[in-house]
Amino acid sequence: MVLPAILRLENVTLKFSQMTAPVVDGVSLALAPGDVLGLVGPSGCGKTTLLRIIAGFESPQMGTVEIAGQIVAGKNQWVPPEQRHIGMVFQDYALFPHLSVAENIAFGLRLAQPRERRKRVTEFLALVRLTGLENRYPHELSGGQQQRVALARTLAAQPKLLLFDEPLSNLDVQVRHKLREEVLEILKAREMSGIFVTHDQQEALAIADQVAVMRQGSLEQVGTPEEIYRHPASRFVAEFISQANFLPARRKGHLWETEIGCFALQNQDSKDDIHPCADKGDLMIPEEDIILQPDQDGSAAIETRRFLGREYRYCLRTPYGKKLYARTPTAIALPIGTRVRLSVVGQGLRFFPHC
């Protein structure tokens, strides 16, 4: 049996002024129960505003917001934020400084009986691995611990949907990676749904079942992380999500000719065959799909090499002065200045017409 969507947006639109373009423009999407949606896009694209609309902090002029089968905004319906059964975790933790860890977690449980409240505080302290710190105050905790308290407080209220507004951006890299895995583990173990707004594309790809890419208030593409990365629907999505190379290319029979060679496309949509500008455009080549072979007569030369732990990232200069980037395993280290012959493997090539 297919369960109804925990969240459904239909043509949601919001303008702050009649003189400006919509901040959120005709957004429609559905989130399945238990799924995590990664919402990404450049600054000012409308991510946080869309989150605020879902939470009830903003009211759209058009469209509907439906949570767990109930319309909470639109069609002459309006449910205030406190009645939407939504939990929200913010970037700045939003803890009460005068309350202890236990008191912060219990804040949303004021209507529960004292015994039940204590039981749930103990349960969620253990869930976020803060047992033994219940009597400390926020200023006595690290940033990662404070965010765990904020998560526990939100989870204790048993929301139907969790909204995360860049909750990890204030943490250092190691803590950020560890905490995001813990958050995802908790959500999956409890079969909870969430929307994770982040400016970190790699973070969205790592944690989300579905990724939504926003641009100027609209959804540019929604799909699985693999679909978004390997089959971007537009040049914008390709540039924003992946660290890919783009080379000018023109059609040559069934191949695409570039300054570093001719390549066949294995995954291109057939619609590009009838595009009026389909004979000339840019070829997207993922960094990890480029193979380097030392060759004195090679068409490119290595300008820089960066060690990234499990791989090298090379910057290459093509005959026409174009910079290309390639990622390779660390088994072979090629010196700077080496001339190389380039080949491409994998199915990541995509063609984008110039118009």
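Computed from a prediction, not measured in an experiment: that's the story for all the values here.

Participant: How would you summarise the confidence of the model for the protein if you had to cite specific residues and measurements?
Facilitator: In this model, the protein carries a mean pLDDT of 89, and residues with pLDDT of at least 70 account for 96%. Taken element by element, the protein is modelled with least confidence in helix α5 (residues 173–189), mean pLDDT 86, and with most confidence in strand β1 (residues 7–14), mean pLDDT 97. Considering only residues more than four positions removed or in separate chains, one finds that residues 270–274, a stretch of pLDDT under 50, has 5 contacts.

Participant: Can you tell me about unusual backbone geometry, naming the residues and giving the values?
Facilitator: The phi angle at Ala 68 is positive, at roughly 50°, despite the residue not being glycine. For His 85, which is not glycine, the phi torsion reads 55° and is therefore positive. The partly exposed category is assigned to His 85, whose relative accessible area is 46%.

Participant: Outline the nonpolar core, supporting the account with residue identities and numerical values.
Facilitator: Ranked by internal contacts, the top residues of the largest apolar core, which has 45 residues, are Ile 105, Leu 151, Phe 164, Val 213 and Ile 241. By residue number, the principal contributor to this core is helix α4 (residues 143–156), which donates 6 residues. Residues in contact with Val 213, not counting those within four places in the same chain, are Val 40, Ser 218, Leu 219, Glu 220, Gln 221, Ile 228, Phe 236, Val 237, Phe 240 and Ile 241.

Participant: How would you explain the sheet that holds strand β4 (residues 62–67) if you had to name every residue and give the values?
Facilitator: Strands sit in the order β2-β1-β4-β5-β6 across an open sheet of 5 strands; the sheet is antiparallel. Single-partner strands in this sheet number two, and they are β2 (24–31) and β6 (77–78). As judged from the 2 bridges shared by strand β5 (residues 70–74) and β6, these two strands associate in the antiparallel manner. Paired with Ala 73 across the strands is Trp 78, a residue of β6. Against the sheet, helix α1 (residues 47–55) contacts β1, β2 and β4, and its axis sits at roughly 120° relative to β1.

Participant: Which residues make up the packing of aromatic side chains, and what are the values?
Facilitator: Aromatic ring pairs are defined here through the distance separating the ring centres and the angle between the ring planes. Tallied over the full model, the rule gives 7 aromatic pairs. Measuring from ring centre to ring centre gives 4.5 Å for Phe 96 and Phe 107, while their planes differ by 45°; the resulting arrangement is tilted. Of this pair, Phe 96 sits in the loop between β7 (86–89) and α2 (101–106) while Phe 107 sits in the loop between α2 and α3 (114–127), and the two are 11 residues apart along the sequence. By relative accessible area, Phe 96 is classed as partly exposed at 27%. A residue is classified by how much of its surface remains accessible, and Phe 107, at 32% relative accessible area, is partly exposed. Between Phe 246 and Phe 352, the aromatic rings sit 6.4 Å apart at their centres with planes inclined by 50°, giving tilted as the arrangement. Here the residue Phe 246 occupies a position in strand β12 (residues 244–252), and Phe 352 occupies one in strand β21 (residues 350–353), the gap between them amounting to 106 residues. Across this residue pair, the class does not change: Phe 246 and Phe 352 are buried. Pairwise contacts between aromatic rings join Phe 307, Tyr 312 and Tyr 314 into one cluster. Between the NZ or CZ atom of Arg 84 and the centre of the ring of Trp 78, over which it lies, the distance is 4.6 Å.

Participant: Give a detailed account of the pairing of β12, specifying residues and quantitative values.
Facilitator: Summarising the sheet, β12 and strand β15 (residues 280–286) pair through 7 bridges and their orientation is antiparallel. Among the inter-strand pairings, Pro 248 is bridged to a residue of β15, identified as Asp 282. Across 3 bridges, β12 lies against strand β13 (residues 255–258) in antiparallel orientation. Considered in β13, the bridge of Lys 252 is made with Leu 255. Connecting the antiparallel pair β12 and β13 is a turn made up of 2 residues, with Gly 253 showing a positive phi of about 65°.

Participant: Provide a residue-level description of the packing of α4 against α5, including the pertinent values.
Facilitator: Remark: α4 packs on α5, axes separated minimally by 11 Å, with the N-to-C direction vectors making an angle of 15°. As the angle between them shows, α4 and α5 are arranged roughly parallel. For the pair α4 and α5, the sense of crossing is right-handed. Taking contact as the criterion, the partners of Gly 144, Gln 147, Arg 148, Leu 151 and Leu 155 in α4 are, on α5, Val 175, Lys 178, Leu 179, Glu 182, Val 183 and Ile 186. Split by residue class, the contact of α4 with α5 holds 6 nonpolar, 2 polar and 3 charged.

Cut-offs and rules
- Residues numbered from 1 in each chain as written.
- Predicted model: local features only at pLDDT ≥ 70, side-chain atom pairs only at ≥ 80, totals over all residues.
- Heavy atoms only, no water.
- pLDDT = per-residue confidence, 0-100.
- Helix = DSSP H or I, 4+ residues; strand = E, 2+ residues; numbered from the N terminus.
- Contact = heavy atoms within 4.5 Å.
- Buried < 20%, exposed > 50% of the residue type's maximum accessible area, 1.4 Å probe, protein only.
- Core = buried A, V, L, I, M, F, W, Y, C linked by side-chain atoms within 4.5 Å.
- Pairing = 2+ DSSP bridges.
- Axes fitted to C-alpha atoms, helices over the stretch in contact; angles between N-to-C directions.
- Phe/Tyr/Trp six-rings, centres within 6.5 Å; stacked < 30°, edge-to-face > 60°.
- Lys NZ or Arg CZ within 6 Å of the ring centre and 35° of its normal.
- Parallel < 35°, antiparallel > 145°, perpendicular 65-115°, else oblique.
- Left-handed = near helix turned anticlockwise from the far one by under 90°.
- Nonpolar A, V, L, I, M, F, W, Y, C, P; charged D, E, K, R; others polar.

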